[in-house]
Amino acid sequence: MNGARIALLILAVLLGTNTLMAALANANLHGGFFEQVHVFMVLPWGRDILVQSLAGLACVGLLIFLFERTWLQGLLLCLPLLLLGHAWSAAWLALRLPKLAARLSRPDWPGA
């Protein structure tokens, strides 16, 4: 399998998993979705989880954007973070880990 097929397979699994989780969560909601978001945001731990998750996604998005070869490719690979969250960042890291490790292990100082 080449890299594109692996990436599509990972994307399909992630979308399927997120769809299943949304269907299971919908069965447990007591009221509408936006009412539950309001309840979540009223609680202090809810705001804390949201802030931490968004900060983590911003850091991973910056890493993806800076690591990719072109800015367009970096931007297109950052967009699924908004929908798939850290599942996408884990998939990206699994696919790019060998290249990332090779790039970080190169000495970049003169005479090093």
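Rules of the game
Residues numbered from 1 in each chain as written. Predicted model: local features only at pLDDT ≥ 70, side-chain atom pairs only at ≥ 80, totals over all residues. Heavy atoms only, no water. Helix = DSSP H or I, 4+ residues; strand = E, 2+ residues; numbered from the N terminus. Buried < 20%, exposed > 50% of the residue type's maximum accessible area, 1.4 Å probe, protein only. Areas by Shrake-Rupley, 256 points an atom, 1.4 Å probe, with all protein chains shown as cover. Salt bridge = Lys/Arg side-chain N within 4 Å of Asp/Glu carboxyl O. Contact = heavy atoms within 4.5 Å.

(A) Broad picture of the overall build of the protein. Along the backbone of the protein there are six helices and zero strands. Counting from the amino terminus, helix and strand elements in the protein follow one another as α-α-α-α-α-α. Evaluated residue by residue, the protein yields a buried proportion of 18% over its 112 residues. Accessible surface, the protein as shown: approximately 8600 Å² in total, 73% of it carbon and sulfur.

(B) Just the environment of Leu 75, in detail. Secondary-structure assignment places Leu 75 in helix H4 (residues 71–78). The exposure class assigned to Leu 75 is partly exposed, which follows from its relative accessible area of 37%. In sequence terms Leu 75 and Ile 64 are eleven residues apart; their C-alpha atoms lie 8.3 Å from each other.

(C) Inspection of the pattern of salt bridges at higher detail. Across all of its chains, the model carries one salt bridge by this definition. Between Arg 96 and Glu 68 there is a salt bridge, with its nearest N and O atoms 3.0 Å apart. Of this pair, Arg 96 sits in helix H6 (residues 86–105) while Glu 68 sits in the loop between helix H3 (44–67) and H4, placing them 28 residues apart in sequence. Given the relative accessible area of 8%, Glu 68 is considered buried.

(D) The environment of Leu 14, seen in detail. Here Leu 14 lies in helix H1 (residues 3–28). For Leu 14 and Gly 85, which are 71 residues apart along the polypeptide, the C-alpha to C-alpha distance reads 10.0 Å. Those residues in contact with Leu 14 that sit more than four places away from it in its chain are Leu 84, Ala 87, Trp 88 and Ala 91.

As far as function goes, none of this settles anything; it's purely spatial.
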